Amino acid sequence: MLGANGFFIFLHSLDRDEAHCAQMAVVYKPPGPLLDGAVDEVLLALSKRPVQPDVVAFVHVDQGPELDAALKTDGAKNEWLRFRDRASLLTAAFDVKTGGVRVQRRETAKRDVATAFTSVLKHALHEVIQSGLAAVFKREEVILLAPAGYAYQKPSGKREEFFLKPDLALSSSAAVGFVGFALLHKLGPKRLNQARELRYLFIDTMSIAPVAYALKELISHGRQAPTYLMVESFHSYGGIDKVDRPPPREALCIISASTSMSMHQRWVQTKRANSEDVVTLLTAAPVSMYEEGALFVIDRPKSVFSKGPPQLCIELDGETFLPRAEPPKKVLLSELAHKTKETDVLRDLAQSGVFDACRRPAVPAAASRALFVDGHILVKELNFQRWLTGELRLRVKAATRVILHQDDPASKELAEVIHDACKKQFPELELRIASATGIETLKLEKADGVLVCAAVIGKGSQLLEISRALRDLHEGPRLYVVGIQVTETRDETKTLPPNLQHSKPVKHEFTAYKTLAIGLQLARSFADEIDTYYAPSSDPSQVPAPLKSRARLLGQNEPVRASVLLPCGERASTALELRPGYAYWAGKDYTAGAHHASVLGTVGVLLQRAREDKEDINEEKRLSSASFRHVLLDPENFARFNDGVIQAALLRNAFPSELDYRMDDAASSRMKAILLRMLKRIDEPAGEGALEFLLAIALQRLLLEELHQQEVVDAARNLDCSATLKEVISFILRPFAEGSGSQAKPQLPF
């Protein structure tokens, strides 16, 4: 704590591991005049503490006579009577020339405790100073957490989800003076003996200049004759190379903070300095190197960030270490700004069975697909076959001899459809079908054409392998025909065709029925849910009856269909359904139903386009920002799109950072109101998405202010509903019961 009239006061325990142990109140007074009555005020403040210290120790540098006189005044003696022989009074003088400590006992109430603390002050002053530094550099003040979806990009170029700002803790002259004293003690006897030779105090930022001047003042007490000591900032990484290598023993470098100690290392190496010639005020454990060069090591914060990779980085200025701040950007989806024809295929094929979600292909070792496309059904679709016939008519060359298909059953079926269509349109062509697995034995003339087909692809890795293998086999025309491509980003859909089309003799062609970029968060949401609730190591008997079938289907190779999303209704037995009038499916009639996969895919495409499309979507409507701004999905999205299946799709496709409302109290309050209203009507259509919202909160994908979140969780647990629904809610909120529901709020550096 900060004492009155320039004193810095903190507590040091004799044994930190014990709950109840002897404590010493350390009172440090930086050099300077001692005000009348200041000692009296300190003693009065310490005597009024709920638990009085066992020892009061005044630590000073070259202020013995003044302090002695102050302690002998009637006022100080009267205030000391408040301790009633329950505490000892010590004074400790630090010798700047030798680094030694001279301790004098003024009042001794507990001789054994006084003796123990006397020994600590004489022989373990470092431990006492560490307690004082812990009181200065409090975690909540010096550790800045990056906002959700961001990471700090430091002047060194490294990225971290937190940043250290020790200057934020230097809030009083007493605290600054104590840090200067801690630096003086860290120099050690050898360096203190050489202190008279110091000419320069280099600092990495002017924000810690007060500490350097405090150290300068202390050093001046140990010099035989006054000499000039200059304080210079080299402005972080931008100016470290401009500093000439100082002569040995004439310079001391003070670095504000570093999580990696990289600047510390750079100064030692580039300036060829000794280890005692550079000190870093603050670093975070674990320290990989130069730990002995840190003045204070603070515990690295536990991860409390939104899941998923940071979307943007906050670039910090090298001198001030502050970013340019802007308020959160809330994006409200609208038909005018965000609708796209890319999602028409999801609407048109919603009832065909082509699309499913969280399903694994029936291929050994295949991974689960967030948006699953059934290639067998796709190749039988009339709309697809009409498109295919038209593309073949326009693109198939007379030199084509082989239809080479990707090595999977659906692509083989597509190759057969292409073969039959070509026989009808080009009876003179002699075509044969081959699999990509036999490409090495494929017999081709150099001028022969090849048609490569795949029913469903992701990034197109197998097609690129086929392209590489064909490179040495032929130089004729080549046509790639793809059914549906599902990727994470729009860039992936744009880069594949040029990679496949590149050819010097003859430009190859590429055509795809549809390409869909759905982002990566849909897959992440299902993976988190399965790992948390339905992992192989979990007990299946703990899964409520309404969720057992869904738990068995998610991530497997059987159709999931209407079980993709959590159910609704009084007994949690009704599948979420999309009603007529969905704005992004307008333009063609569709039958209402549980089109989970198609709606999930539609929302995934819309959100990913809102993040990436800089040409057709203006800055204010874009779900991204070129500057330092926290980008959020406006809570009004969940009021505007009030079908449970659409709300669930938004929750599962959004980045957790886009649903992190902790930094915006109004948005968090609005989300709380929406959720409480849904919970009150959980057995009605207005509350059909409630279980998906509770799941998002439990998995920390949807984050509210702590009080708002607790209010929602309490309301869910205390609902007046059927026993079955209560069991499902309790199961979903299980992570809170396990103690993982509380979230630390990021702290911004402004």
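Conventions adopted
- Residues numbered from 1 in each chain as written.
- Predicted model: local features only at pLDDT ≥ 70, side-chain atom pairs only at ≥ 80, totals over all residues.
- Heavy atoms only, no water.
- Helix = DSSP H or I, 4+ residues; strand = E, 2+ residues; numbered from the N terminus.
- Rg over C-alpha atoms; globule rule 2.2 N^0.38 Å.
- Buried < 20%, exposed > 50% of the residue type's maximum accessible area, 1.4 Å probe, protein only.
- Contact = heavy atoms within 4.5 Å.
- Areas by Shrake-Rupley, 256 points an atom, 1.4 Å probe, with all protein chains shown as cover.
- Lys, Arg positive; Asp, Glu negative; His and termini not counted.
- Charge placed at Lys NZ, Arg CZ, Asp CG, Glu CD.
- 1 Å grid on protein atoms, 1.4 Å probe; cavity = no way out; pocket = protein on both sides within 12 Å on 5 of 7 lines; lining within 4 Å.
- Points joined across faces, edges and corners; volume = space filled by probe spheres on them.
- Axes fitted to C-alpha atoms, helices over the stretch in contact; angles between N-to-C directions.
- Parallel < 35°, antiparallel > 145°, perpendicular 65-115°, else oblique.
- Left-handed = near helix turned anticlockwise from the far one by under 90°.
- Nonpolar A, V, L, I, M, F, W, Y, C, P; charged D, E, K, R; others polar.
- Phe/Tyr/Trp six-rings, centres within 6.5 Å; stacked < 30°, edge-to-face > 60°.
- Lys NZ or Arg CZ within 6 Å of the ring centre and 35° of its normal.
- Pairing = 2+ DSSP bridges.
- Salt bridge = Lys/Arg side-chain N within 4 Å of Asp/Glu carboxyl O.
- Polar contact = N/O pair within 3.5 Å; in protein donor to acceptor, adjacent residues only side chain to side chain.
- Right-handed = clockwise from strand over helix to strand, strands pointing away.
- Arc of directions from axis to C-beta.
- Core = buried A, V, L, I, M, F, W, Y, C linked by side-chain atoms within 4.5 Å.

*Asks:* Could you clarify how one ought to interpret the overall build of the protein in this entry?
*Replies:* Scanning the protein from terminus to terminus reveals 26 helices and 24 strands. For a compact globule of 750 residues, the expected C-alpha radius of gyration is about 27 Å, and the protein comes in at 35 Å, more than 25% above that figure. Once the C-alpha set of the protein is aligned to its principal axes, its extents read approximately 115 × 70 × 45 Å. Counting the 750 residues in the protein, one finds 55% classified as buried. Considering only contacts within the protein whose residues lie at least 6 apart along the sequence, 74% involve residues at least 24 apart. In the structure as shown, the protein presents an accessible area of about 33,100 Å², 49% of it carried by carbon and sulfur atoms. Taking the 95 positively charged and 95 negatively charged side chains of the protein as two groups, their mean positions are separated by 2 Å.

*Asks:* Any chance you could explain the layout of surface pockets here in plain terms?
*Replies:* Here the idea is plain: a probe the size of a water molecule rolls over the atoms and shows the empty space left. Of the volumes computed, that of the largest pocket is approximately 1,000 Å³. Lining the largest pocket are 40 residues, and of these Pro361, Arg369, Val456, Ile457 and Gly458 lie nearest its centre.

*Asks:* What is the right way to read the packing of helix H19 (residues 596-612) against helix H21 (residues 644-653) from this model?
*Replies:* When two helices pack together, their arrangement is given by the angle between the helix axes and the distance between those axes. Packing of H19 against H21 leaves a shortest axis separation of 9 Å and a crossing angle of 50 degrees. Judged by the angle between their axes, H19 and H21 are oblique. Handedness of the H19/H21 crossing: right-handed. Where H19 abuts H21, its residues His596, Val599, Leu600, Val603, Gly604, Leu607 and Arg611 lie against Val645, Ile646, Ala649, Leu650, Arg652 and Asn653. Classifying every residue of the contact of H19 with H21 gives eight nonpolar, three polar and two charged.

*Asks:* Which parts of the structure should I look at to understand the packing of aromatic side chains?
*Replies:* The relative placement of two aromatic rings is captured by the distance of their centres and the angle of their planes. According to the stated counting rule, one finds 24 aromatic pairs in the structure shown. When the ring of Phe7 is compared with that of Phe58, the centres are 6.1 Å apart and the planes differ by 80 degrees; the resulting orientation is edge-to-face. Here Phe58 lies in strand E3 (residues 55-60) and Phe7 lies in the segment before strand E1 (8-13), a separation of 51 residues in the sequence. One aromatic cluster in this structure is built from Phe8, Phe10, Tyr28, Phe94, Phe178 and Phe181. When the ring centre of Trp267 is taken as origin, the NZ or CZ atom of Lys271, which lies over that ring, is 5.8 Å away. For Lys514, the ring lying beneath its charged end belongs to Tyr513, and the centroid distance is 5.8 Å.

*Asks:* Hey, could you run me through the pairing of strand E2 (residues 23-29) in this one?
*Replies:* Walk down a regular strand and you will see the side chains alternate between the two sheet faces. Of all seven residues that make up E2, six are buried, and the element is covered over most of its length. In this sheet, E2 lies alongside E1 in antiparallel orientation, the contact comprising six bridges. Considered in E2, the bridge of Phe10 is made with Val26. Two strands pair when backbone bridges link them, and E2 and E3 are joined in this way by six bridges, in the parallel orientation. By the bridge assignment, Lys29 is partnered in E3 with His60.

*Asks:* It is not clear to me how the pattern of salt bridges should be interpreted in this structure. Could you clarify?
*Replies:* Pairs can form between side chains of opposite charge once their charged atoms are near each other. Within the structure shown, the criterion is met by 35 salt bridges. Of the charged contacts in the structure, one is a salt bridge between Asp344 and Arg347, with a shortest N-O distance of 3.9 Å. You can see Asp344 and its partner Arg347 sitting in helix H11 (residues 344-348), three residues apart, about one turn around the helix. In this structure Arg347 comes out as buried when scored by relative accessible area, which is 10%. One network of salt bridges, in which partners are shared, links Glu342, Arg490, Arg609 and Asp613.

*Asks:* Would you mind going over the side chain of His264 with me for this structure?
*Replies:* Tracing the sequence through the fold places His264 in helix H9 (residues 262-270). Within the structure, His264 has its side chain in polar contact with the side chain of Thr280 (distance 2.9 Å).

*Asks:* What is the right way to read the side chain of His419 from this model?
*Replies:* Note on placement: His419 falls in helix H14 (residues 409-425). Among residues more than four places away in sequence, those in contact with His419 are Ile403, Leu431 and Ile433.

*Asks:* Explain the pairing of strand E22 (residues 478-487) to me, please; I cannot follow it from the model alone.
*Replies:* Of all the ten residues making up E22, ten are buried; the element is thus mostly covered by neighbouring parts of the structure. Here strand E21 (residues 449-457) pairs with E22 via seven bridges, running parallel. Bridge pairing in E22 links Cys453 to Val481. After leaving E21, the chain enters helix H15 (residues 461-470) and then returns to the sheet as E22, a path that is right-handed.

*Asks:* Would you take a moment to explain helix H18 (residues 545-553) for this structure?
*Replies:* For an α-helix, 3.6 residues make a turn, and residues three or four places apart therefore share a direction. Among all positions in H18, only Leu547, Arg550 and Leu553 are buried. Burial along H18 is one-sided: seen end-on, the buried residues are contained in an arc of 115 degrees. For H18, the elements touching its buried residues are strand E17 (355-359), helix H17 (521-533), H21 and helix H25 (723-732). Once H18 finishes, Gly555 follows within two positions and takes phi at roughly 80 degrees, a positive value.

*Asks:* Would you mind going over the nonpolar core with me for this structure?
*Replies:* Side chains that are nonpolar tend, in soluble globular proteins, to be buried together. With 121 residues, the main nonpolar core has Phe355, Ile418, Tyr582, Tyr661 and Leu702 as its most contacted residues. Discounting residues that sit within four places of it in the chain, Leu702 has contacts with Leu651, Leu659, Tyr661, Met671, Leu675, Phe693, Ala696, Ile697 and Gln709.

*Asks:* Explain H21 to me, please; I cannot follow it from the model alone.
*Replies:* Counting buried positions along H21 gives ten out of ten residues, so the element sits mostly inside the fold. Residues of H21 that are buried include every one of Gly644, Val645, Ile646, Gln647, Ala648, Ala649, Leu650, Leu651, Arg652 and Asn653, and no others. Tucked inside the fold, the buried residues of H21 contact H17, H18, H19, helix H20 (636-640), helix H22 (665-680) and helix H23 (690-698).

*Asks:* Quick question: what am I supposed to make of the environment of Glu558 here?
*Replies:* Tracing the sequence through the fold places Glu558 in the loop between H18 and H19. Taking C-alpha positions, Glu558 is 8.7 Å from Pro361, a pair spaced 197 residues apart along the chain. Separated by 3.2 Å, the side chains of Glu558 and Arg552 make a polar contact.

*Asks:* Before we go on, may I ask you to explain the sheet that holds strand E13 (residues 278-285) in this structure?
*Replies:* Strand pairing within a sheet occurs via backbone hydrogen bonds; the two strands may be parallel or antiparallel. Ordered in space as E11-E10-E12-E13-E14, the five strands form an open sheet in which the pairing is parallel. Of all strands in the sheet, those with a lone pairing partner are strand E11 (230-233) and strand E14 (294-299), marking the two edges. If you compare each strand with its neighbour and ignore which way they point, the axes differ by 20 degrees on average. When strand E12 (residues 251-257) meets E13, the two strands line up parallel, connected through four bridges. Looking at E13, one finds that Ala257 is bridged to Leu282. Sitting on the sheet, helix H7 (residues 173-193) touches E12, E13 and E14, and the angle it makes with E14 is about 125 degrees. Each of strand E10 (200-203), E12 and E13 is contacted by H9, which is oriented at about 150 degrees to E13, the strand it contacts most.

Don't take any of this as a statement about function, it's just geometry.
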